[in-house]
Amino acid sequence: MSNWSESLTFKAVRISLDDEGKASRAIVERKAPELPEGEVLIKVKYAALNFKDGLSANGNKGVTRNFPHTPGIDAAGTVVESTHGDIKAGDEVIVTSYDLGMNTDGAFAEYISVPAEWVLPLPSSMSMKESMIIGTAGLTAGIGLWKMEQGGQKPENGKILITGATGGVGSLAVSIFSKAGYTVAASTGKMEEADYLKSLGAEEVIDRNTLSEENKRPMLKPAFGGAYDTVGGTTLSNVLKQVGYGANVAICGMVTGPNFDANVFPFILRNINLLGVDSAELPLKWRKIVWENLANDWKPTNLEEIAKVVTLEEIDPYFDAILKGEVKGRVLVAF
Ligand SMILES: NC(=O)c1ccc[n+]([C@@H]2O[C@H](COP(=O)([O-])OP(=O)(O)OC[C@H]3O[C@@H](n4cnc5c(N)ncnc54)[C@H](OP(=O)(O)O)[C@@H]3O)[C@@H](O)[C@H]2O)c1
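Small disclaimer: the values here were computed from a predicted structure and weren't measured. Within any chain, residue numbers begin from 1 and follow the written order of that chain's sequence. Local features are withheld for residues below a pLDDT of 70 in this predicted model, meaning they are given only at 70 or higher, and side-chain atom pairs are given and counted only at 80 or more; totals for whole chains, interfaces and linings count all residues. Only hydrogens and water are set aside; all other atoms, that is, all heavy atoms of the structure, feed into the side-chain values.

On to the packing of aromatic side chains, then. How two aromatic rings sit relative to each other is set out by the distance from centre to centre and by the angle between their planes. Two aromatic rings, drawn from Phe, Tyr or Trp (for Trp, its six-membered ring), form a pair once their centres lie within 6.5 Å of each other, and the interplanar angle then sorts them: stacked below 30 degrees, edge-to-face above 60, tilted otherwise. Scanning the model with the defined rule gives 6 aromatic pairs in all. Their ring planes at 85° and their centres at 5.4 Å tell us that Phe108 and Phe319 sit as a pair that is edge-to-face. With Phe108 in the loop between strand 5 (92-96) and strand 6 (111-114) and Phe319 in helix 9 (residues 316-323), this pair connects stretches of sequence that are 211 residues apart. Overall, the relative accessible area of 0% leaves Phe108 in the buried class. Joined through ring pairs, the aromatic side chains of Phe177, Tyr182 and Tyr228 make up one cluster. Consider the ring centre and the ring normal. A charge sits over the ring if Lys NZ or Arg CZ is within 6 Å of that centre and within 35 degrees of that normal. A cation over an aromatic ring shows up here: Lys45 above the ring of Tyr46, its NZ or CZ 5.6 Å from the ring centre. Here the guanidinium or amino end of Lys328 rests over the ring plane of Tyr196, the centre of that ring lying 4.4 Å away. Numbered from the N terminus, helices here are DSSP runs of H or I no shorter than four residues, and strands are runs of E no shorter than two. We call a residue buried when its accessible area falls under 20% of the maximum for its residue type, exposed when it is over 50%, and partly exposed in between, using a 1.4 Å probe and counting protein chains only.

See below:
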């Protein structure tokens, strides 16, 4: 329970579980004091859909322990009230991940209440809508690029392989890396989407089957200057064996599972770096750096083309669609 005004009521998606653990969804009217305690009350302007929201909206206890609950891990909006000195009413802000939409009522609601350390000022050269088209997927891609460049990655080191390229993180990675000046090779299981991937900035589109077969050789001929892998498993094992000298490989996902085989040779003979990416708990001071890049030099030129905007009343079917891999691009709720 929070101290926000009793007179403020608002609409929110609410997920409830029955005795058998089956989830049902409704749009309900809530009162501001029912929101969790927080230093900042934000009127949400845009919320963006992510895979985790589909899980939470279907009652997944690994994401959300207690129901009833409002999902939504990505929000952009305007501060209405703040008890923190650095954040004022009227500020335009972004909140992504941390606990938002997991065990803290989330962004598929007209208002959220959050701790000040989750609140990032909207960069001046980015609209709220753009920030949510990028959202957690783009932040995850951007953190990878930021870490790779800290490891010395430069466009002249050669093309960057991006796996799971039509996925949420993958497609934003294709756009962001190409905007940042890199030549991108996009690996996909959907070769029929080659034109879409090229429109996002990929120069080359590779069939994912060429990377998914187990190969016993300790290293392969270098084919890429670096890589951003969202897939894991055998794909990642193969990627590590065929990046060139000094390459950086950023990893964020486990689409094919959490384990992968590796040997030391690419590391000690080709001097490569393997870099982990976490977008959920990354401290605000580093997020600010990545978001500044995303708002400027790395900002994809085609953001509007990958966004579908719906109302709160229209979001329901997308919670299931995202779990079935049927969502292409980014789905936003506009309030
Ligand atoms: N670390 C973090 O902070 C963070 C943040 C967000 C997401 N993630 C993780 O990153 C991964 C990708 O997330 P996402 O939101 O982009 O998911 P997504 O939208 O579901 O995309 C995953 C993509 O992987 C590819 N794929 C599917 N099955 C495959 C298979 N059997 N072998 C190889 N590729 C396959 C598909 O792309 P193609 O058909 O184009 O190959 C699919 O579109 C997930 O594991 C997610 O949990 C991590």
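Still to come is the rest of the account.
Now for the nonpolar core. Residues belong to one nonpolar core when they are buried, are Ala, Val, Leu, Ile, Met, Phe, Trp, Tyr or Cys, and are joined through side-chain atoms within 4.5 Å. Counting residues in hydrophobic clusters, the biggest one holds 83 residues, and the most contacted among them are Ile42, Phe108, Val114, Val174, Phe177, Leu294 and Ile315. The dominant element in this core, judged by the number of residues it contributes, is helix 2 (residues 128-150), at 11 residues. Bear in mind that the domain bounds are from an automatic or database domain assignment. Two domains share this core, each providing at least three of its residues, namely domain 1 (9-122 + 302-334) and domain 2 (136-276). In this view, Leu294 contacts Met126, Ile134, Gly138, Leu139, Gly142, Ile176 and Lys299; residues no more than four positions away in its chain are not counted. Core analysis: the next-biggest nonpolar cluster, separate from the first, contains 13 residues, Ala185, Ile206, Val239 and Leu240 among them. Working rule for contacts: check all heavy atoms of both residues, and any pair within 4.5 Å makes them a contact.

We now examine the sheet that holds strand 8 (residues 160-162). The criterion for strand pairing is that DSSP finds at least two bridges linking the strands in question. Read from one edge of the open sheet, 6 strands run 10-9-8-11-12-13, paired in parallel fashion. Only two strands of the sheet have a single partner each, and these edge strands are strand 10 (204-207) and strand 13 (273-276). Strand-to-strand, the axes of this sheet are offset by a mean angle of 20°, without reference to chain direction. Where strand 8 meets strand 9 (residues 184-188), 3 bridges bridge the pair, whose relative direction is parallel. Within strand 9, the residue paired with Ile162 across the bridge is Ala186. Here the axes come from fitting lines to C-alpha atoms, over the contacting stretch only for helices, and the angles between their N-to-C directions go from 0 to 180 degrees. Sheet strands in contact with helix 6 (residues 233-241) are strand 8, strand 11 (226-229), strand 12 (248-251) and strand 13, and its direction is about 165° off that of strand 12.

Turning our attention to the site of the ligand. The local shell around the ligand holds 21 residues, among which Thr166, Val169, Thr188, Val277 and Ser279 are the closest. In the analysis that follows, any N or O atom pair within 3.5 Å is treated as a polar contact, provided that within protein one partner can donate a hydrogen and the other can accept it, and provided that, for residues neighboring in sequence, both atoms belong to side chains. In the model, an oxygen atom of the ligand is placed 3.4 Å from a nitrogen or oxygen of the Gly167 main chain. Residue Arg208 places a side-chain N or O atom 3.0 Å away from an oxygen atom belonging to the ligand. Here the Shrake-Rupley method, with its probe set to 1.4 Å, supplies the accessible areas, and only the displayed protein chains count as covering residues. When the ligand sits alone it has 920 Å² of accessible area, and the protein chains cover 72% of it. A class-by-class count of the residues in the shell around the ligand yields 7 nonpolar, 11 polar and 3 charged. Nearness here has a simple test: a residue counts as near a molecule or strand if at least one of its heavy atoms is within 4 Å of that partner. Amino acids outside the nonpolar list (Ala, Val, Leu, Ile, Met, Phe, Trp, Tyr, Cys, Pro) and the charged list (Asp, Glu, Lys, Arg) are all regarded as polar, and Gly is one of them.

Its domain assignment divides the protein into domain 1 (9-122 + 302-334) and domain 2 (136-276). The C-alpha centroid of domain 2 is placed 30 Å from the C-alpha centroid of domain 1. The partner domain 2 presents 9 residues to the 11 residues of domain 1 that form the contact. The junction of domain 1 with domain 2 conceals about 780 Å² of combined surface from both sides, 49% of it contributed by carbon and sulfur atoms. Accessible area that two parts lose when put together, with a 1.4 Å probe and added across both, is what the buried area reports. Broken down residue by residue, the surface that domain 1 buries against domain 2 is led by Asn302, Ile306 and Lys328, which jointly contribute 52%. Salt bridges, as used here, are contacts in which a Lys or Arg side-chain nitrogen is within 4 Å of a carboxyl oxygen on Asp or Glu. At the boundary of domain 1 and domain 2, one finds 1 salt bridge. With a closest N to O distance of 3.3 Å, Glu193 and Lys328 form a salt bridge. The tally of links between domain 1 and domain 2 comes to 4 residue pairs in polar contact (both at pLDDT 80 or more). The class makeup of the residues in the side of domain 1 that touches domain 2 is 3 nonpolar, 5 polar and 3 charged.

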